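Here is what each chain is made of, one letter per residue.
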Amino acid sequence: MSASGGTRAIVAALGANLAIAASKFVAFAFSGSSSMLAEGVHSLADSGNQFLLLVGGKKAQRQATPQHPFGYGRERFIYAFLVSIVLFSIGGMFAIYEGYEKVRHPHDLKHWYWPVGVLLFAIIAEGFSFRTAIKESNELRGKLSWKEFIRRAKAPELPVVLLEDFGALIGLVLALGGVGLSLLTGDGVWDGIGTLCIGVLLVLIALVLAAETKSLLLGEAAGVEDVKKIEAAIVDGDTVTRVIHMRTLHLGPEELLVAAKIAVQHDDTATEVAKAIDAAEARIRASVPIARVIYLEPDIYSEAEAAKGPDPKATPGGPTPHAAGH
């Protein structure tokens, strides 16, 4: 993901949410609408989330140290996971609690024009933020569907902002529906029901974000296309004849570790093998620029060993899905 593209989407969302949160709290103060209170807390939580994403992006830029030799790229994953926790606890659970209390103890709305006006303003502002996130995402997702983009993206910022903005727009429609039904029926319980629906929506979005960022934290391999490019770049058909097996791991959204055992000719000298490894590393970096940490181990390919299949005890996690023999 383009770091600048992600930052633009985050800043746009942050500005919109701060303005919207302030307006929602004002509307709550004048109307007493629980939907407005829940939506105000939601926007405030979203603002905090965007701040967390900016902090994570900044911390991820730190240089590697002896204690953290592979750098701090995963800071972005950690802060994205914190976003899901904040969205679940502060946004979702608060809205569910507030909606439950309002259903139990409904009251009439005062100055209805405040919540209605603020909600319409918020829908417009969130729409601009969502449009920015969509524009930045379209430059990266290619032919992937939105679901595939959110599931496969290695950079967490754009999927987080997309889901937050999408949830915010749906939440605003739910809040508007709850306020509208309360005004039409004269029954404040509808405002509480709208608040409950907002809470459930936020919890569901938070769970999706948590699942996706957890996968990134555990360590994801390169995408299928990048794996194919790396395997093709390693083999030169002369000194390096095949990839025996290979592992890839994202050290951060824009940094990839590649570790592979490669087959070389049995009669090549150490100098020839060393030169072939250097050349293979150069080809890998030219083909997949984010492959910055590369370890290639030369070996002699054996048909008999390959016929036995991969050894599940050879490496943590069992056999690699990209094995080419062993």
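I will try to describe carefully the structure that is included in this document. All figures in this text were calculated on a predicted structure; none of them were measured in a lab. (Residues numbered from 1 in each chain as written. Predicted model: local features only at pLDDT ≥ 70, side-chain atom pairs only at ≥ 80, totals over all residues. Heavy atoms only, no water.)

1. Details of the pattern of salt bridges
If charged atoms from side chains of opposite charge come close, those side chains can pair.
Here is step 1 of the chain: One pass over the full model with this rule turns up 12 salt bridges.
Here is step 2 of the chain: A salt bridge links Glu 101 to Arg 104; the shortest N-O distance between them is 3.8 Å. Placement of both Glu 101 and Arg 104 in helix H3 (residues 75-104) is noted, with a separation of 3 residues, approximately one turn of the helix.
Here is step 3 of the chain: Residue Lys 102 pairs with Asp 191 through a salt bridge whose shortest N-O separation is 3.8 Å. With Lys 102 in helix H3 and Asp 191 in helix H7 (residues 189-218), this pair connects stretches of sequence that are 89 residues apart. By the burial criterion, Lys 102 is buried, and Asp 191 matches it.
Here is step 4 of the chain: Residues joined in a network through salt bridges with shared partners are Arg 76, Glu 157 and Glu 254. (Salt bridge = Lys/Arg side-chain N within 4 Å of Asp/Glu carboxyl O. Helix = DSSP H or I, 4+ residues; strand = E, 2+ residues; numbered from the N terminus. Buried < 20%, exposed > 50% of the residue type's maximum accessible area, 1.4 Å probe, protein only.)

2. Some remarks on the packing of helix H8 (residues 224-234) against helix H9 (residues 270-287)
Here is step 1 of the chain: At a closest axis distance of 8 Å, the pairing of H8 and H9 adopts a crossing angle of 150°. One finds that H8 runs roughly antiparallel with respect to H9. Seen along the crossing, H8 lies across H9 with a hand that is right-handed. Side by side, H8 and H9 meet where Lys 229, Ile 230, Ala 233 and Ile 234 of the first sit next to Ala 280, Arg 283, Ile 284 and Ser 287 of the second.
Here is step 2 of the chain: Classifying every residue of the contact of H8 with H9 gives 5 nonpolar, 1 polar and 2 charged. (Axes fitted to C-alpha atoms, helices over the stretch in contact; angles between N-to-C directions. Parallel < 35°, antiparallel > 145°, perpendicular 65-115°, else oblique. Left-handed = near helix turned anticlockwise from the far one by under 90°. Contact = heavy atoms within 4.5 Å. Nonpolar A, V, L, I, M, F, W, Y, C, P; charged D, E, K, R; others polar.)

3. Structural notes on the pairing of strand E3 (residues 291-299)
Here is step 1 of the chain: In terms of strand pairing, strand E2 (residues 255-264) meets E3 through 8 bridges, oriented parallel. By the bridge assignment, Ala 259 is partnered in E3 with Tyr 295.
Here is step 2 of the chain: Once the chain exits E2 it traverses H9 before rejoining the sheet at E3, and the crossover so formed is right-handed. (Pairing = 2+ DSSP bridges. Right-handed = clockwise from strand over helix to strand, strands pointing away.)

4. Quick look at the pairing of E2
Here is step 1 of the chain: The buried fraction of E2 amounts to 9 of the 10 residues, a majority that puts the element mostly inside the structure.
Here is step 2 of the chain: Hairpin connection of strand E1 (residues 240-252) to E2: 2 residues between the antiparallel strands.

5. Notes on a nonpolar patch on the surface
Here is step 1 of the chain: A grouping of Val 26, Phe 30, Trp 112, Tyr 113, Trp 114 and Leu 183 is seen on the molecular surface, where their side chains present a nonpolar patch of about 570 Å² in accessible area.
Here is step 2 of the chain: Counting only elements with at least two residues in the nonpolar patch, the list comes to helix H1 (3-31) and helix H4 (113-141).
Here is step 3 of the chain: What makes Tyr 113 partly exposed here is its relative accessible area of 47%. (Patch = residues over 30% accessible without salt bridge, like charges linked within 9 Å, V, L, I, M, F, W, Y side chains within 5 Å. Areas by Shrake-Rupley, 256 points an atom, 1.4 Å probe, with all protein chains shown as cover.)

6. Concerning a negative patch on the surface
Here is step 1 of the chain: A contiguous patch of negative charge, built from Asp 236, Asp 238, Asp 267 and Glu 272, is present on the exposed surface.
Here is step 2 of the chain: Checked against the element boundaries, Glu 272 lands in helix H9. (Lys, Arg positive; Asp, Glu negative; His and termini not counted. Charge placed at Lys NZ, Arg CZ, Asp CG, Glu CD.)

7. Remarks on the side chain of Asn 17
Here is step 1 of the chain: Secondary-structure assignment places Asn 17 in helix H1.
Here is step 2 of the chain: Judged by relative accessible area, which is 0%, Asn 17 ranks as buried.
Here is step 3 of the chain: Excluding residues that lie within four positions of it along the chain, Asn 17 makes contacts with Ser 43, Asp 46, Ser 47, Gln 50 and Glu 126.

8. A look at the packing of H3 against H7
Here is step 1 of the chain: Their axes nearest at 7 Å, the elements H3 and H7 cross at an angle of 160°. With respect to each other, H3 and H7 are oriented roughly antiparallel. Note that H3 runs across H7; the crossing there is left-handed.
Here is step 2 of the chain: Its residues assigned to classes, the contact of H3 with H7 shows 26 nonpolar, 8 polar and 4 charged.

9. Some details on the layout of surface pockets
Here is step 1 of the chain: As a volume, the largest pocket reaches approximately 850 Å³.
Here is step 2 of the chain: Forming the walls of the largest pocket are 27 residues, and the residues nearest its centre are Leu 144, Arg 152, Lys 154, Gly 223 and Asp 226.
Here is step 3 of the chain: The set of elements that each furnish at least two residues to the lining of the largest pocket consists of H4, helix H5 (146-152) and H8.
Here is step 4 of the chain: Broken down by element, the lining of the largest pocket gets its largest block of residues, 4 residues, from H8. (1 Å grid on protein atoms, 1.4 Å probe; cavity = no way out; pocket = protein on both sides within 12 Å on 5 of 7 lines; lining within 4 Å. Points joined across faces, edges and corners; volume = space filled by probe spheres on them.)

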